[in-house]
Amino acid sequence: MLSIVEHDYGTPERTSENLVTLSIDGREVTVAEGTSVMRAAALSDVQIPKLCATEQLEAFGSCRMCLVQIDGMKGLPASCTTPVAQGMVVHTQNKQLADIRRGVMELYISDHPLDCLTCPANGHCELQDMAGVVGLREVRYGYEGENHLDSKKDESNPYFTFDASKCIVCSRCVRACDEQQGTFALTIQGRGFESKVAASQDESFMDSECVSCGACVQACPTATLSEKSLIQKGQAEHSVTTTCAYCGVGCSFRAEMQGEEVVRMVPNLDGHANHGHSCVKGRFAIGYATHSDRILKPMIRKQISDPWREVSWEEAISYAASEMKRIQAKYGRNSIGGITSSRCTNEETYLVQKLVRAGFGNNNVDTCARVCHSPTGYGLKNTLGESAGTQNFDSVMHADVIFVIGANPTDGHPVFASQMKRRLRQGAKLIVADPRTIDLVRTPHIQAQHHLKLRPSTNVALINSLAHVIVTEGLVKEEFVRERCEVDSFEKWRKFVSLAKNSPEAMQEITGVPAGEVRAAARLYATAGNGAIYYGLGVTEHSQGSTMVMGIANLAMATGNIGREGVGVNPLRGQNNVQGSCDMGSFPHEFPGYRHVSDDKTRALFEDAWGVSLHNEPGLRIPNMFEAALDGDFKGLYIEGEDIAQSDPNTQHVTAALTAMECIIVQDLFLNESAKFAHVFLPGSSFLEKDGTFTNAERRISRVRQVMRPKARYADWETTQLLSNALGYPMNYTHPSEIMDEIARLTPTFTGVSYQRIDELESIQWPCNDQHPEGTPTMHIGQFVRGKGRFLLTEYVPTAEKVNAKYPLILTTGRILSQYNVGAQTRRTENNLWHDEDRLEIHPHDADERGIADGDWVGIASRAGDTVLRARVSERVQPGVVYTTFHFPESGANVITTDNSDWATNCPEYKVTAVQATRVSQPSEWQKRFREFTETQESLLKSAIAVEAAAAK
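Residues numbered from 1 in each chain as written. Predicted model: local features only at pLDDT ≥ 70, side-chain atom pairs only at ≥ 80, totals over all residues. Heavy atoms only, no water.

A. Examining the packing of helix H13 (residues 459–472) against helix H16 (residues 504–511) more closely. Relative to each other, H13 and H16 sit at 165 degrees, their axes nearing to 9 Å. Looking at the two axes, H13 sits roughly antiparallel to H16. Like other packed secondary-structure pairs, H13 and H16 cross with a definite hand, here left-handed. In this structure, H13 contributes Ala 461, Leu 462, Ser 465, His 468 and Val 469 to the contact, and H16 contributes Pro 504, Met 507, Ile 510 and Thr 511. Residues belonging to the contact of H13 with H16 are distributed by class as follows: 6 nonpolar, 3 polar and no charged. (Axes fitted to C-alpha atoms, helices over the stretch in contact; angles between N-to-C directions. Helix = DSSP H or I, 4+ residues; strand = E, 2+ residues; numbered from the N terminus. Parallel < 35°, antiparallel > 145°, perpendicular 65-115°, else oblique. Left-handed = near helix turned anticlockwise from the far one by under 90°. Contact = heavy atoms within 4.5 Å. Nonpolar A, V, L, I, M, F, W, Y, C, P; charged D, E, K, R; others polar.)

B. Molecular detail of the side chain of Gln 353. Mapped onto the secondary structure, Gln 353 falls in helix H9 (residues 346–360). Judged by its relative accessible area of 0%, Gln 353 is buried. A distance of 2.8 Å separates the side chain of Gln 353 from the side chain of Arg 357, its partner in a polar contact. In this structure, Gln 353 is in contact with Thr 340, Val 365, Met 584, Gly 585, Pro 592 and Trp 610, ignoring residues within four places of it in sequence. (Buried < 20%, exposed > 50% of the residue type's maximum accessible area, 1.4 Å probe, protein only. Polar contact = N/O pair within 3.5 Å; in protein donor to acceptor, adjacent residues only side chain to side chain.)

C. Structural detail: the sheet that holds strand E4 (residues 89–91). With mixed pairing, the 4 strands of this open sheet are ordered in space as E2-E1-E4-E3. Edge positions in the sheet fall to strand E2 (27–32) and strand E3 (69–70), since each has one partner strand and no second. The pairing of strand E1 (residues 19–24) with E2 spans 6 bridges and is antiparallel. The residue bridging Val 20 from the neighbouring strand is Val 31, located in E2. (Pairing = 2+ DSSP bridges.)

D. Representation of unusual backbone geometry. In this model, Trp 766 is joined to Pro 767 through a cis peptide bond whose omega is 5 degrees. Among the secondary structure elements, Pro 767 is positioned in the loop between strand E31 (764–765) and strand E32 (809–814). A positive phi angle, near 50 degrees, is found at His 275, a position not held by glycine. Within the element layout of this structure, His 275 appears in the loop between strand E12 (261–267) and helix H7 (280–284). A positive phi angle, near 65 degrees, is found at His 445, a position not held by glycine. By secondary structure assignment, the location of His 445 is in the loop between strand E19 (442–443) and strand E20 (446–447).

E. Main features of a nonpolar patch on the surface. A grouping of Leu 107, Val 139 and Tyr 141 is seen on the molecular surface, where their side chains present a nonpolar patch of about 260 Å² in accessible area. Accessibility expressed as a relative area gives 33% for Val 139, which makes it partly exposed. (Patch = residues over 30% accessible without salt bridge, like charges linked within 9 Å, V, L, I, M, F, W, Y side chains within 5 Å. Areas by Shrake-Rupley, 256 points an atom, 1.4 Å probe, with all protein chains shown as cover. Salt bridge = Lys/Arg side-chain N within 4 Å of Asp/Glu carboxyl O.)

F. Broad picture of the nonpolar core. Core analysis: the largest hydrophobic core is formed by 70 residues, its most contacted members being Phe 160, Phe 205, Leu 225, Ile 402, Met 420, Leu 430 and Phe 687. At 4 residues, the largest contribution of residues to this core is made by helix H12 (residues 414–425). Beyond its immediate stretch of four places on either side in the chain, Phe 205 contacts Asp 154, Ser 156, Asn 157, Phe 160, Phe 162, Leu 186, Ala 199, Cys 210, Cys 216 and Leu 225. Listed in part, the 53 residues of the second largest apolar core include Ala 316, Ala 320, Ile 701 and Phe 750. (Core = buried A, V, L, I, M, F, W, Y, C linked by side-chain atoms within 4.5 Å.)

G. Main features of the layout of surface pockets. Computed from the structure, the largest pocket encloses a volume of approximately 1,200 Å³. Lining the largest pocket we find 30 residues, and of these Pro 12, Glu 13, Glu 55, His 275 and Arg 422 sit closest to its centre. Elements with a minimum of two residues in the lining of the largest pocket: E2, helix H1 (37–43), helix H4 (172–181) and H12. Looking at the lining of the largest pocket residue by residue, the classes come out as 10 nonpolar, 11 polar and 9 charged. Computed from the structure, the second largest pocket encloses a volume of approximately 1,000 Å³. Along the wall of the second largest pocket there are 37 residues; nearest its centre are Asp 411, Asp 439, Ile 816, Leu 817 and Arg 876. Counting residues per element, the ones that place at least two in the lining of the second largest pocket are helix H11 (409–412), H12, E19, strand E33 (839–842) and strand E36 (881–885). The element contributing the most residues to the lining of the second largest pocket is H12, with 4 residues. The residue makeup of the lining of the second largest pocket, split by class, is 12 nonpolar, 12 polar and 13 charged. (1 Å grid on protein atoms, 1.4 Å probe; cavity = no way out; pocket = protein on both sides within 12 Å on 5 of 7 lines; lining within 4 Å. Points joined across faces, edges and corners; volume = space filled by probe spheres on them.)

Quick look at the structure:
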């Protein structure tokens, strides 16, 4: 039977240069000053009984099980709350202590159901364990008096149950919610015998402020809080450590298994990115992996109006390869291409770009990472010298001021947000720059010192005005700049930002942010000590996304906030492998490691390794593929794990381009929106069915480990290999570790990376090479990767997407906690109970002007198209701005976004679309066509399934 945790020393670790030596049961123990007696004992293999204590939470001292005797100290102190002292002599075992512990346990058991054999926690219940440890053999107090045995269960949450009859009121769940998650949704209500755990104002868990992160379930020492999957399936018999396939935090989990069935996902205490914490998606929303919608057999068809036909893998691969060959023979070598996904592993992404370059014979490869964070790569490469964030997540615990720009961590990166909130509760200051009032602006025990509620599209104007204050008020770290940066570029930048046009007073008419607020925020960031910037898609998905990233880097360099813990420029990646898909060479102009295809030395390295000649000209980006398709020049596309028909802007333009192609190969779990335009469907594999690696937002390379065999026979890397071989370019890998070995041979920042090394270190942050054999948690220490940091001018250029009388509002988009990206995974889980449709947030003023009430259907029209969403009237958005998410395809959020994009990278300007909102009573014309097309495609899929079922009989 599997243990619920790897280890637990009772109280958190303390670090100190001062060491303390004490005696515990006659053993001499030396630990850091501030360590609890309980932890010191556990470190010397002396286990003191405990119930309310766990190393993930601060000591509480309520259960009275961990009492010890200390020479010279009165009474029997709790070992969890008692710090060690030099020369202290501790006794953990004697008759007095044994009698007290047994008596305390007897009181607990007297108000606890004795249903151990049928209890879901049987075998990993700490109450059960401690009863055995203290030698409890009888309970003298019967159930005749008052008790809590008939307390009603709360089954409202879809993922876990709360059985109050089993609660011992240890407060671990309450403290986990407070300390770990930072939601403060739970409390102990009442006193004495009436004490009980309550959610919010004594509501059900589902109706409360609970965000279902699972921290309370993880902390509970009994079966009071239990996963429903554990109750239904029973306990696991083995576990496999793997990495979450949702956001860019990259949480480590133990998949607890019965054979090949997942019982539950448990956050890994040793996970370097999450330290045993989780969110509702990673911990609970994995049902999509075994959902009935999954397509497990390959399918082909000639036209998208034809029924699908289920075929063997051999026929599907042969047909796909023959079609790609036919298209190239007819239209030329550049008439086909491929798209990689940030949801796939590094190894799978590497193989797809290799297939395109070596097998297709062109550089027509692109990735969904370009439509979110390509400006990060461009901006940071040109200023700091490397296309990635500078810190690890733990660095935030050393920050004195945290500047969040265009990111919503509590929804998009919730586990890291919890860590950030912990630092803020400790006293770090907070600046938020966002058009909306995100949760971080004001949340329990946290309030931003400054909320710069700027107008969408004015990021660069804001960053320039902040820089203006820092330069003109003498807040530049001159010594840092002189030693670490290009002086000429700095002087040009200093002169530029000092111009009166960049002052907060001049810019406030553009940004909408009061000049005084900008000045105060700039002073705080520049003078508070360690200043750390965290940003998201609200920075990059603009026409000046690359310019803004450069502006952020300029600001960090000017204030010396680079190259140590607690500072840095930190992009929060939206998907699990955005960083990795960029690292692996998924862009049409770059090989793996961000080296340009025109570089002769780099190209020769790959030509020698791959055994073919490679092109020296960049290929087509996704928008260029669409234009070429509409022009009749681009006819074939291989898409692995991506859904461009839903995620890319200007949906009608995208679907027109897809319709113009002759062979689209989609490799995915479900018949997603892009697959409805496909001619070949190759079943994909979930993260549970494959080996590989993901690289998270902090450059951390973590192992993805197979916990079950691929349900459709092949892992994704194997499918790509089959296609490559059928096209005539041989690939002969037998395991993804061999692919990583090849990546390491060809990519300087990955030289020291291997599966063996990752297993030894548990994860590695690149660069990992001879200079950094254990990886690089903090980059640019001592000097920048490019040598000297370079300041670049960041002239504000207004977006071409302007409001007018016809389109007077600005639409911006984002995410919500319970859903993920295009929703293909989370929509097939119980997460829909929290968010089952995309809604339009609109300010009360704008709603009143249009006669719109909360819950009304609202038509949103832009220059690109129109759709209909239900209204949510909210003061989160400012007047003149509306907001929606994009998790549901029928919402058509990207029907109204336009083709405007970043000047350097073509990253779409998702965050700025001029629209009009009107009250309506029926779906848009596009939505009607979408529903009709979807029904047709689903019927064509069902016909294939029906034919296969009939043949099986």
